[in-house]
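So you can see what is in the structure, the chains are spelled out below.
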Amino acid sequence: MLFQSLTASTLSANAQLARENLPWIDGVELRADLLSAVPPDALGRFPQFLESGTHQRSVPVILTIRRRRDGGKYDDDEGKRLRLLQHAVEAGNFSFVDLEEDLSGSGSDEEVRRAAYKSGTRVIRSFHSFDGTGGDLSERLARLSALPGEIPRIAVEPRSTSDLLQLVRASLQARGERIVAGMGDYGFPLRILSPVLGNTLAFCSHSSAESAEGGVDPRTMQELYRYSTLNQSTAIYAVIGNPIMHSRSPAFHNSRFAAAGMNAVYVPIKVDSVSSFFELAGELGMRGVSVTIPHKEAVIPFLKEVDESVTAVGACNTIIRDGEGYRGTNTDVDGFLTPLAHRASKKWEGGLAGRAATVIGAGGASRAVIYALIREGVNVCVLNRTESRARAVTEDLSPYARNASLTWGKLGHPEGNNLLSRHSDIIIQTTSLGMHPDTDGDPLPEYRFHGHELVYDIVYNPPVTRFLSRAAECGCEVIQGGEMFEGQALLQAHLFQNAYRMRSS
Ligand code: NAP
């Protein structure tokens, strides 16, 4: 079940928020600590008030008055808070009331619990930590689960992949009703995977909400992640990186999973430790993973098998589960090559083989580009601002230049320009110059295109860089970086779907 946190400052604004999101939610949590004024009687009537505007659709409501120390805004007298909760619960309309772990056994919440018992309101017993896991979570969850009739709720802001792993383990080891929620970027996967981990319910918030548990709105939860269809048989896929929340990959892969009718979900995971990530992947039985900056090299030692694209490029962007382990490949290579080979086959009778290309840049992405070109028999010259890096890249890749030459030079120097003039069938821009926000960047400002060159810029934001638009203006055929991005993602999607079918058959 998906519950929306209502975090507006008035009851009517909260009711409006709930009604707007009704198509995507199963219930709401009223965060009464965020109200500018809390009229006790009106608070007790809130669930009825809400229902009256929802064509009588019953919407379960959790009542929460979160204390400041638990990440809320309430910092008035504790006795007053408990009386407010008791009064609102006595009205008999709330499905759940949230009470904190430390109240349990103290007797201070007895009146609220009695009111809840009489009115059929379930108690959610909550623990909050904004400072990592706050101790042994499994043990804490087991202790909370032992309270008869109550639903344990652990809400933690993980500070690392290892913290996230602990939360996932606690959730998987628990039995019976439970709510294990992760906050912040590290906790994001937990919000999506809640039903896969056997949780009773999860929370989301309106995008403009101030809720600590916020970050993903109900519509995105349902339309992008298909929250209501997820269950304990759902296959898990992910993209890992740091930072990762900006990634376009979840939109790309989740929509393909939906179109293919797969019971699968694809989540972004912020990773600060690759070894913790592989423990997490094992725990969740993850089927496939996209790998992005800065982990493309670091994942390699954890794989039981890699193909030549990974060995040659020295980077892995795709991981597929194979039995008990994982194997790696690099779809940047063929993702880059596919649109180029297509254009080349139309432009030249023999396609790419025997053509001469200049690759500008010698960073991580250039290695996939150079390997793809020399594998196809293209003679390549690498030009880079830092000469030593250009030399290192060519030295590393020269064993794979079986039917092609591979040379290097310094970008912008006469010798480099000379090499460029002899390798100008294809010019490929792989530096970060021209990328948003520095869109004026151009690695070859002095170069005048002749019009015969096939020009490819792998930067995809903006879609057309200054370098590419200069080339197009001179009559060159151009390829945008977006085509490479789509190409590598499409190849990943095929690999993910194959892995899914093999495990499901
Ligand atoms: P990287 O490893 O950091 O390499 C950056 C490259 O840019 C190096 O060759 C660097 O030269 C050069 N460079 C940076 N600033 C420069 C400047 N002011 N003048 C001249 N050269 C400069 O980055 P990367 O991972 O290779 O990524 C490079 C670009 O490719 C990024 O924009 C990325 O978004 C894009 N990319 C696109 C795709 C796709 O699917 N389309 C895939 C991967 C990457 P030095 O060695 O001299 O520092």
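Here, every reference points to the structure presented above.
What you see is a predicted model; the values in this text were computed from it and never measured.

What counts, and at which threshold
Residues numbered from 1 in each chain as written. Predicted model: local features only at pLDDT ≥ 70, side-chain atom pairs only at ≥ 80, totals over all residues. Heavy atoms only, no water. Disulfide = S-S within 2.5 Å. Buried < 20%, exposed > 50% of the residue type's maximum accessible area, 1.4 Å probe, protein only. Helix = DSSP H or I, 4+ residues; strand = E, 2+ residues; numbered from the N terminus. Pairing = 2+ DSSP bridges. Axes fitted to C-alpha atoms, helices over the stretch in contact; angles between N-to-C directions. Contact = heavy atoms within 4.5 Å. Parallel < 35°, antiparallel > 145°, perpendicular 65-115°, else oblique. Left-handed = near helix turned anticlockwise from the far one by under 90°. Nonpolar A, V, L, I, M, F, W, Y, C, P; charged D, E, K, R; others polar. Polar contact = N/O pair within 3.5 Å; in protein donor to acceptor, adjacent residues only side chain to side chain. Salt bridge = Lys/Arg side-chain N within 4 Å of Asp/Glu carboxyl O. Near = heavy atom within 4 Å. Areas by Shrake-Rupley, 256 points an atom, 1.4 Å probe, with all protein chains shown as cover.

**Q** Mind showing me how you'd approach the state of the cysteines here?
**A** Two cysteines, two sulfur atoms, one covalent bond between them: this is a disulfide. Across all of its chains, the model carries 0 disulfides by this definition. Here Cys476 is not disulfide-linked; the sulfur of Cys474 is the nearest cysteine sulfur, at 6.1 Å.

**Q** Any chance you could explain the pairing of strand E19 (residues 454–457) here in plain terms?
**A** A regular strand places its side chains so that they alternate between the two faces of the sheet. Residues Leu454 and Tyr456 of E19 are buried on one face, and the alternating residues Val455 and Asp457, pointing to the opposite face, are buried as well. In terms of strand pairing, strand E18 (residues 426–429) meets E19 through 4 bridges, oriented parallel. Its bridge partner lying in E19, Ile428 is registered against Tyr456. Pairing of E19 with strand E20 (residues 477–479) involves 3 bridges; the strand directions are parallel.

**Q** Would you mind showing me how to read the sheet that holds strand E1 (residues 2–6) here?
**A** Pairing between the strands of a sheet comes from backbone hydrogen bonds, and it takes one of two forms, parallel or antiparallel. The 8 strands lie next to each other as E7-E6-E5-E4-E3-E2-E1-E8, forming an open sheet whose pairing is parallel. Both edges of this open sheet fall to strand E7 (179–182) and strand E8 (202–205), since each of them pairs with a single strand only. Within this sheet the neighbouring strands show an average axis-to-axis angle of 25°, counted without direction. Where strand E5 (residues 122–129) meets strand E6 (residues 151–156), 6 bridges bridge the pair, whose relative direction is parallel. Looking at the pairing, Ser129 lines up with Val156 of E6. Across the sheet, helix H4 (residues 110–119) touches strand E4 (96–100) and E5, and the angle it forms with E4 is around 160°.

**Q** Hey, could you run me through the packing of helix H6 (residues 161–173) against helix H7 (residues 184–193) in this one?
**A** Any two packed helices are characterised by the angle at which their axes cross and by the distance between the axes. In contact at an axis separation of 9 Å, H6 and H7 are set at 30° when each is read in the N-to-C sense. By the angle between their axes, H6 is roughly parallel relative to H7. Crossing geometry of H6 relative to H7 is assigned as right-handed. Every residue of H7 that contacts H6 at Thr161, Leu164, Leu167 and Val168 is listed here: Tyr186, Pro189 and Leu190. Its residues placed into classes, the contact of H6 with H7 shows 6 nonpolar, 1 polar and no charged.

**Q** Before we go on, may I ask you to explain the side chain of Asn199 in this structure?
**A** Note that Asn199 resides in the loop between H7 and E8. With relative accessibility at 10%, the residue Asn199 sits in the buried group. At a separation of 3.1 Å, a polar atom in the side chain of Asn199 contacts the side chain of Ser171. Discounting chain neighbours no more than four positions away, the residues touching Asn199 are Ser171, Arg178, Ile179, Val180 and Ser194.

**Q** What's the story with the pattern of salt bridges in this structure? I'm lost.
**A** Pairing is possible between side chains that carry opposite charge, provided their charged atoms lie close to one another. Going through the model one piece at a time under the given rule, you end up with 35 salt bridges. Here Glu308 and Arg402 are joined by a salt bridge, their closest N and O atoms 3.5 Å apart. Taken together, the residues span a long stretch of sequence, with Glu308 in helix H11 (residues 308–313) and Arg402 in the loop between helix H14 (387–397) and strand E17 (406–410) at a distance of 94 residues. As a salt-bridge pair, Glu477 and Arg343 come within 3.5 Å of each other at their nearest N and O atoms. Taken as a pair, Glu477 in strand E20 and Arg343 in helix H12 (residues 331–347) lie far apart in primary sequence, 134 residues in all. The exposure class assigned to Glu477 is partly exposed, which follows from its relative accessible area of 30%.

**Q** Before we go on, may I ask you to explain the site of the ligand in this structure?
**A** Taken together, the neighbourhood of the ligand is formed by 20 residues, with Ala365, Asn384, Thr386, Met435 and Ile458 sitting nearest. At 2.8 Å from an oxygen atom of the ligand is found a main-chain nitrogen or oxygen belonging to Ala365. Interatomic distance of 3.4 Å between a backbone N/O atom of Phe485 and an oxygen atom of the ligand. Coverage of the ligand by the protein chains reaches 78% of its 920 Å² of free accessible surface. At the level of elements, helix H13 (364–375) and helix H17 (481–504) are the ones that each hand at least two residues to the shell around the ligand. Of the residues forming the shell around the ligand, the biggest block, 3 residues, is contributed by H17. Classifying every residue of the shell around the ligand gives 9 nonpolar, 9 polar and 2 charged.

Geometric values such as these leave the question of function open.
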